[in-house]
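Letter by letter, the chains look like this.
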Amino acid sequence: MGITWMRLAKAGLGVVVLTIVMGMASKAYASCGSAACFLLTGEESTVHQEGALSVGISYAYTITKLQPGTSGLITAVDQESRQLIMNEHAEHRTITELTTLDVNYGLTNNLTLELLVPYRHLKHTHIIERGSADTGGAGMYEAFQDSGIGDVRVNMKYSYLPTLRSLIVVGFGVDLPTGNSHANNINGTLQEPSLQLGRRAWGIVPSILQSYEIIPHVLDQFASISYQHAFTGPGSYRYGDVYVLSGGVHWIALNKVTLTGQFNWRYAVHDEFTGSLARVAEPGDNSPDCSFAVVSPCVLDPEIKRRPIPTTGSTMLAFSPGITVAVREKLRAYFFVQAPLVRDFNNNLVPDVGYLAGLSMSF
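Cut-offs and rules
- Residues numbered from 1 in each chain as written.
- Predicted model: local features only at pLDDT ≥ 70, side-chain atom pairs only at ≥ 80, totals over all residues.
- Heavy atoms only, no water.
- Helix = DSSP H or I, 4+ residues; strand = E, 2+ residues; numbered from the N terminus.
- Buried < 20%, exposed > 50% of the residue type's maximum accessible area, 1.4 Å probe, protein only.
- Contact = heavy atoms within 4.5 Å.
- Areas by Shrake-Rupley, 256 points an atom, 1.4 Å probe, with all protein chains shown as cover.
- Pairing = 2+ DSSP bridges.
- Salt bridge = Lys/Arg side-chain N within 4 Å of Asp/Glu carboxyl O.
- Phe/Tyr/Trp six-rings, centres within 6.5 Å; stacked < 30°, edge-to-face > 60°.
- Core = buried A, V, L, I, M, F, W, Y, C linked by side-chain atoms within 4.5 Å.

Let us now look at the overall build of the chain. Counting secondary structure elements, the chain contains 2 helices and 20 strands. Within the chain, the proportion of its 363 residues that are buried is 53%. Of the contacts made within the chain by residues no fewer than 6 positions apart, 69% connect residues no fewer than 24 positions apart. For the chain, the accessible area works out to roughly 14,800 Å², and carbon and sulfur atoms hold 63% of it.

Now the structure itself:
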């Protein structure tokens, strides 16, 4: 039975949901929607025998930038003033480097505890304070960067075998608010939630993985679906729910080389914030309540209430080829490229081609 389990577990390799932390936020300019958010690599199907341990580390690099034909003007979130300000930010680019430590330990022969610890390095450029008379309405350029531990995820994975050629792994993860969320911008005020290392909120991530050996030891099919929900944080900001559906095949081309092809679909709901609503003042505004030279931003609705943020949320479809090499008996290395096919990020920054490399060692 142990040999059969190992053979079927191998059939599931090629699947994982690496979540940023993932915090990396659901907004495009916080870099989620990138390879680090939902590329599948092979660790999610790792369910160990009791007492067995594996340790993996991965590195993901992604650039998000303006899509042709979009202005990059987004709604700013002023947490201290409890206000949403439409068109206050003009986004330029984000470079995200994400290094993730992935530890799996078998509690029983079917139940494995997984710990995901992300380390983020973020570089972001944009224009803030648009519409302010102090900046002549043009705004102020900011090159923001930050690095540190993001939100840690604790995940439980349970596996069972419906048939001799099938494997199903059910997971349930909890995101811990461990990442720093108090970084300031160049004005000394609290930075946008999506540019923080952590969400400052708890979250849950249920998932299910299925794999099937089409040709034993040669060709395997896999599919995975997950759902991420973040609870409202102390700053009255809540990240939108995220749905991820992935599927593909991997082909054992050589004794130690596996080639993978997969499609990844991700849908993120608008983020929400409790505050009033305003917009930046433009040079043509000259009314008493909205004057470019006197009043900015211009209040549209002073009521403090929960509102969706229109320039958050996204839909993305990507194709992700990859290669996995068995370097030694218990050590494997992998490299994946994620190429976006469809990108709708509501006038926000969109991800370019992403790259992810990693190592995994079992003991």
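Let us look at the environment of Thr-62. Turning to its location among the elements, Thr-62 is positioned in strand S1 (residues 53–65). Through-space distance from the C-alpha of Thr-62 to that of Gln-338 is 9.5 Å; in sequence the pair is 276 residues apart.

Moving on, we come to the pairing of strand S20 (residues 354–362). Relative to S20, S1 runs antiparallel, the two being bridged by 8 bridges. The residue of S20 that forms the bridge with Ser-54 is Ser-362. Here 8 bridges tie strand S18 (residues 331–344) to S20, and the two strands are oriented antiparallel to one another. Within S20, the residue paired with Phe-336 across the bridge is Leu-356.

Further remarks concern the environment of Pro-351. Summarising the element assignment, Pro-351 is placed in strand S19 (residues 350–351). Taking C-alpha positions, Pro-351 is 6.5 Å from Lys-65, a pair spaced 286 residues apart along the chain.

Moving on, we get to the pattern of salt bridges. Summed over the entire model, instances satisfying the criterion amount to 7 salt bridges. For Arg-153, the salt bridge goes to Asp-175, with nearest N and O atoms at 2.6 Å. With a gap of 22 residues between them, Arg-153 in strand S6 (residues 153–160) and Asp-175 in strand S7 (residues 166–175) connect regions that are remote in the sequence. Using a relative accessible area of 6% as the deciding quantity, one classes Arg-153 as buried. The class for Asp-175 is buried, based on a relative accessible area of 6%. Two residues, Asp-301 and Arg-307, come together in a salt bridge whose shortest N-O distance is 3.1 Å.

Taken as a whole, this structure holds 8 aromatic pairs when the rule is applied. Both rings, one in Tyr-237 and one in Phe-273, keep their centres 6.3 Å apart while their planes meet at 45 degrees; by these two values the pair is tilted. One end of the pair, Tyr-237, is in strand S10 (residues 237–238); the other, Phe-273, is in strand S13 (residues 272–279), with 36 residues separating them in the sequence. Side by side, Tyr-237 and Phe-273 carry an identical accessibility label, which is buried. Among the aromatic residues, ring-to-ring pairing joins Tyr-227, Tyr-243, Trp-265 and Tyr-267 into one connected group.

Within the largest apolar cluster, 7 residues are counted, these being Val-77, Leu-84, Ala-230, Tyr-237, Tyr-239, Phe-273 and Ile-309. Formed by 6 residues, the second largest nonpolar core is a distinct cluster that contains Leu-39, Leu-98, Phe-336 and Leu-356.

Moving on: unusual backbone geometry. One non-glycine residue, Arg-82, lies in the positive phi region at around 55 degrees. Residue position: Arg-82 is located in the loop between strand S2 (73–78) and strand S3 (83–106). Judged by relative accessible area, which is 30%, Arg-82 ranks as partly exposed. If you check the backbone angles, Glu-129 has positive phi at about 60 degrees while not being a glycine. Tracing the backbone shows Glu-129 in the loop between strand S4 (111–128) and strand S5 (140–149). What makes Glu-129 partly exposed here is its relative accessible area of 28%.

All right, on to the pairing of S1 then. Only one face of S1 is covered, namely the face carrying Ser-54, Gly-56, Ser-58, Ala-60, Thr-62 and Thr-64; the face carrying Leu-53, Val-55, Ile-57, Tyr-59, Tyr-61, Ile-63 and Lys-65 is uncovered. Here S1 pairs with S3 via 13 bridges, running antiparallel. In the sheet register, Ser-54 faces S3, and the bridge partner there is Asn-104. The pairing of S1 with S19 spans 2 bridges and is antiparallel. Note that in S19 the partner of Thr-64 across the bridge is Pro-351.

Before going further, it helps to examine the environment of Phe-335. As for its placement among the helices and strands, Phe-335 is situated in strand S18. Placed 14 residues apart in sequence, Phe-335 and Pro-321 show a C-alpha to C-alpha distance of 8.7 Å. The residues contacting Phe-335, other than those within four sequence positions of it, are Pro-321, Gly-322, Ile-323, Tyr-355, Leu-356 and Ala-357.

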